[in-house]
Amino acid sequence: EILQVRNLDEELPRPASSTTTSSSSMGWLMRLFRSEFFDAHMAVTYLYKYRAKVGVIDYLCNELYKLSDDEVERYLPQLCNLLIHHARDSHALERVMMHKCAHSLHI
């Protein structure tokens with residue numbers, strides 16, 4: 001099986017400008033998160049990108065519950081980094097990590 005490297009900057013829509021309203025940017029984010037392209041890599045990428053937005057973090061953490069332990073395990077170092085250094089105010093990421101660790105022999 002051949003793995004392809006995806007460039008998310010080219011694939012994903014970007015807001016028109018920094019003056020875009022938060023509701024319209026959240027609208028395209030919700031469509032993206034609900035699309036068939038959404039995976040663990042994208043979840044971790046957007047957890048970091050929107051680490052200051054608690055609502056986005058909470059939603060993405062709920063989506064992490066739906067992913068398999070194997071998918072989440074690949075991004076364990078990045079998730080730990082986010083938890084320790086960037087998402088201290090969000091208990092959602094901590095709960096996801098504790099849940100995944102409790103249900104996996106590898107994590």
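Because the structure is predicted, anything quoted here is derived from the model rather than measured. (Residues numbered from 1 in each chain as written. Predicted model: local features only at pLDDT ≥ 70, side-chain atom pairs only at ≥ 80, totals over all residues. Heavy atoms only, no water.)

Draft legend 1. Spotlight on the packing of aromatic side chains. For the structure shown, the criterion picks out four aromatic pairs. Ring geometry for phenylalanine 33 and phenylalanine 38: centres 5.6 Å apart, planes at 65°, overall edge-to-face. Per residue, the accessibility class of phenylalanine 33 equals that of phenylalanine 38, and both read buried. Ring centres of phenylalanine 33 and tyrosine 46 lie 5.6 Å apart, and the angle between their planes is 75°; this geometry places the pair in the edge-to-face category. Of this pair, phenylalanine 33 sits in helix α2 (residues 22–33) while tyrosine 46 sits in helix α3 (residues 40–49), placing them 13 residues apart in sequence. Among the residues examined, phenylalanine 33 registers a relative accessible area of 4% and is labelled buried. (Phe/Tyr/Trp six-rings, centres within 6.5 Å; stacked < 30°, edge-to-face > 60°. Buried < 20%, exposed > 50% of the residue type's maximum accessible area, 1.4 Å probe, protein only. Helix = DSSP H or I, 4+ residues; strand = E, 2+ residues; numbered from the N terminus.)

Draft legend 2. Geometry of the environment of valine 44. Looking at the element boundaries, valine 44 is found in helix α3. For valine 44, a relative accessible area of 10% translates into the label buried. The spatial distance from the C-alpha of valine 44 to the C-alpha of leucine 79 is 7.0 Å, given a sequence separation of 35 residues. With sequence-adjacent residues up to four places away left out, valine 44 is seen in contact with Tyr75, Gln78, Leu79 and Leu82. (Contact = heavy atoms within 4.5 Å.)

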